[in-house]
Amino acid sequence: FSSLYIDKSQIMDRGVFANKIFQPGELIETTPVIVISMAEWRIMKKTVLNNYAFSFEEDSQEMAIALGFGSLYNHSYNPNASYFKRIKEKVIDFYAIRLIKGGEEITINYNGDPNSTDLLWFNRD
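Note that this is a predicted model, so its numbers are computed, not measured. Numbers given for residues are sequential positions, taken from 1 along each chain in its written order. In keeping with the predicted nature of the model, local features appear solely for residues at pLDDT of at least 70, side-chain atom pairs appear and are counted solely at 80 or more, and the whole-chain, interface and lining totals rest on all residues. Only hydrogens and water are set aside when side-chain values are computed; all heavy atoms of the structure are taken into account.

Undergrad: Which residues make up the pairing of strand S3 (residues 27–36), and what values do they have?
TA: In the case of a regular strand, side chains alternate between the two sheet surfaces. As paired elements, S3 and strand S8 (residues 91–96) share 5 bridges and run antiparallel to each other. From the neighbouring strand, Thr-31 faces S8, where its bridge partner is Ile-92. What makes two strands pair is DSSP finding at least two bridges between them. Only DSSP runs of H or I covering at least 4 residues are called helices, and only runs of E covering at least 2 are called strands; the numbering of each starts at the N terminus.

Written out as structure tokens, the structure reads:
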């Protein structure tokens, strides 16, 4: 029995949904990532993977594709989850920041800070 599942989303085509109740502060998922150098990313950003990548290391500008459900969480400016990148371990932890009910879509703020209202990179044109 998985605590997460993919279903049709009101936000985008599909999203990640809770199959149980998550309490505030509870770990939802730890996802390993595939780290991509900027040299490789110049080629890959022209593919559909551009829609699923995280900026991983701040200084080196490396990108990452999160495995598990990690790259499928949709964005919200009123998210119910947040994430923390553990660079050395090459993983991303996703945590509930408020009560998430079973059947509820799990969302994150793509800016990293759950309270950020900055425009996203794909809305800046």
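Read on for the rest.
Undergrad: Requested: an account of the pattern of salt bridges, with residues and values cited.
TA: Here, a salt bridge means any Lys or Arg side-chain nitrogen found within 4 Å of an Asp or Glu carboxyl oxygen. Summed over all chains, the structure comprises 3 salt bridges. A salt bridge links Asp-93 to Arg-86; the nearest nitrogen and oxygen atoms lie 2.7 Å apart. Classification of residues uses two cut-offs on accessible area relative to the type maximum, computed with a 1.4 Å probe and protein chains only: under 20% is buried, over 50% is exposed, and between them is partly exposed. Classification of Asp-93 by relative accessible area gives buried; the value is 4%. Overall, the relative accessible area of 27% leaves Arg-86 in the partly exposed class. Here Arg-98 ties to Glu-104 by a salt bridge, and the two come within 3.0 Å at their closest N and O atoms.

Undergrad: Describe a nonpolar patch on the surface, naming the residues involved and giving the relevant values.
TA: Taken together, the side chains of Leu-27, Phe-84 and Tyr-95 make up a nonpolar region of the molecular surface, amounting to roughly 280 Å² of accessible area. Tracing the backbone shows Leu-27 in strand S3. For patches, a residue must show more than 30% relative accessible area and have no salt bridge; joins then use 9 Å for like charges and 5 Å for nonpolar side chains, namely Val, Leu, Ile, Met, Phe, Trp and Tyr. With residues, only the protein chains shown are counted as cover, and all accessible areas are computed by Shrake-Rupley using a 1.4 Å probe.

Undergrad: Break down the sheet that holds strand S5 (residues 62–66) for me, with residues and values.
TA: With antiparallel pairing, the 5 strands of this open sheet are ordered in space as S4-S5-S3-S8-S7. At either margin of the open sheet sits one strand with a lone partner, and together these are strand S4 (53–57) and strand S7 (81–86). Between one strand and the next, the sheet's axes are offset by a mean angle of 35°, whatever the strand orientation. With 4 bridges connecting them, S4 and S5 associate as antiparallel partners. From the neighbouring strand, Ser-55 faces S5, where its bridge partner is Met-63. Interaxial angle, 0 to 180 degrees, is taken between N-to-C directions of lines fitted to C-alpha atoms, where a helix line uses only the stretch in contact.

Undergrad: Could you give me a rundown of the packing of aromatic side chains, with the residues and numbers involved?
TA: Stacked, tilted and edge-to-face are the three classes applied to pairs of Phe, Tyr and Trp rings, where Trp contributes its six-membered ring and a pair requires centres within 6.5 Å; stacked means planes under 30 degrees apart, edge-to-face means over 60, and tilted covers the rest. If you walk through the whole model with that rule in mind, you get 5 aromatic pairs. Residues Phe-54 and Tyr-83 carry aromatic rings whose centres are separated by 5.2 Å and whose planes lie at 80° to one another, so their mutual orientation is edge-to-face. Placement of Phe-54 in strand S4 and of Tyr-83 in strand S7 is noted, with a sequence separation of 29 residues between them. For the residue pair Phe-54 and Tyr-83, the accessibility class agrees, reading buried in each case. Through a chain of ring-to-ring contacts, the aromatic side chains of Phe-54, Tyr-73, Tyr-83 and Phe-94 assemble into a single cluster. We call a charge positioned over a ring when the NZ of a Lys or the CZ of an Arg lies within 6 Å of the ring centre and within 35 degrees of the ring normal. Directly above the ring of Phe-22 sits Lys-20, whose terminal nitrogen or CZ lies 4.8 Å from the centroid.

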